[in-house]
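# Reading the structure
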Amino acid sequence: METLAPPKVTAEAYLKQERQSEEKHEYHDGTIIPMSGASIPHTIICGNIYALIWYFVREKDFTVHTSDLRTFVPKTQRYVYPDVVVVQGEPTVTDEQKDTVTNPLIVIEVLSESTEARDRGDKFEAYRTVDTLREYVLVSQEKPHIEVFSRNSAQDVWKLTEASGLDSNIKLPALDLTLSLTDIYAKVNFEKKA
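Worth saying up front: this structure is predicted, and the values here are computed from it rather than measured. (Residues numbered from 1 in each chain as written. Predicted model: local features only at pLDDT ≥ 70, side-chain atom pairs only at ≥ 80, totals over all residues. Heavy atoms only, no water.)

### Notes on the pattern of salt bridges
Enumeration over the complete set of coordinates arrives at 13 salt bridges. As a salt-bridge pair, D99 and R19 come within 2.8 Å of each other at their nearest N and O atoms. With a gap of 80 residues between them, D99 in the loop between strand 6 (84-88) and strand 7 (100-101) and R19 in the loop between helix 1 (11-18) and strand 1 (25-28) connect regions that are remote in the sequence. Across the pair D99 and R70 runs a salt bridge whose closest N-O atoms are separated by 2.8 Å. Of the two residues, D99 sits in the loop between strand 6 and strand 7 while R70 sits in strand 4 (residues 70-73), which places them 29 residues apart along the sequence. Overlapping salt bridges, with partners in common, bring together R19, R70, D95 and D99 in one network. (Salt bridge = Lys/Arg side-chain N within 4 Å of Asp/Glu carboxyl O. Helix = DSSP H or I, 4+ residues; strand = E, 2+ residues; numbered from the N terminus.)

### A few points about the side chain of R151
Along the chain, the position of R151 falls in strand 10 (residues 145-152). Take R151: its relative accessible area is 10%, and that puts it in the buried class. Apart from the residues within four sequence positions on either side, R151 is in contact with R128, T129, V130, D131, L133, R134, D156, V157 and W158. (Buried < 20%, exposed > 50% of the residue type's maximum accessible area, 1.4 Å probe, protein only. Contact = heavy atoms within 4.5 Å.)

### Section: the packing of aromatic side chains
Summed over the entire model, instances satisfying the criterion amount to nine aromatic pairs. Summarising the aromatic geometry, the rings of F124 and W158 are spaced 5.6 Å apart at their centres and angled 80° between planes, so their arrangement reads as edge-to-face. Placement of F124 in helix 4 (residues 122-127) and of W158 in strand 11 (residues 157-164) is noted, with a sequence separation of 34 residues between them. Grouping residues by exposure puts F124 and W158 together as buried. (Phe/Tyr/Trp six-rings, centres within 6.5 Å; stacked < 30°, edge-to-face > 60°.)

### Quick notes on helix 1
Each full turn of the α-helix corresponds to 3.6 residues, which orients residues three or four apart in the same direction. The complete set of buried residues in helix 1 reads A11, Y14, L15 and E18. Looking straight down helix 1, one finds that the buried residues subtend no more than 95° of arc, so they occupy a single side. Set apart from the buried face of helix 1 by more than 90 degrees, the exposed residues are E12 and K16. In the core, the buried residues of helix 1 are packed alongside strand 1, strand 2 (31-34), strand 4 and strand 5 (78-80). (Arc of directions from axis to C-beta.)

### Considerations on the pairing of strand 6
Where burial is concerned, most of strand 6 is hidden: four out of the five residues are buried. In the sheet, strand 3 (residues 62-66) pairs with strand 6 via five bridges, with the strands oriented antiparallel. Across the sheet, residue V64 finds its bridge partner in strand 6, namely V86. Two elements, strand 6 and strand 8 (residues 104-110), share four bridges in a ladder whose sense is antiparallel. Of the residues in strand 8, the one forming a bridge with V85 is V107. (Pairing = 2+ DSSP bridges.)

Okay, here's the thing in structure tokens:
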């Protein structure tokens, strides 16, 4: 017996539903994607990154946001909740609700088994269409390893740099900021589970 795909949902219907929902959902191509809960390492890493960047930009023309702020990708009509988003200047919002930005400078995703393929694949492809985006950062929660994709705006070319091990650093050129993996992974226990 053939299974029917769920009917497509309009972006307007998604937003109306999302703004009334207790849970978070992303939206892509007419499909509403439920977001799963986060692990303890995931929340620690997100908190560490948020705090480190917030402290650095607190008196500069940037704001840093947690995964509670939705980001809209206009060219792909996609609504997502990145783990951490940095915006330069005044956030550009989609409407008077002021709960969805369209001008991320840096997007940071902490990878999990359920999201890694999407974060590396179609989500990154969508983010690359955002003119303001300068860096896309993928952070492992399984080991101290971070990938930073930086855009050269003159040529619209993305360059990958990686850092592995707690004694290494990552650079976020858009902020002129270097962060140590020791600080990013502070209080994360990498011991194998029995």
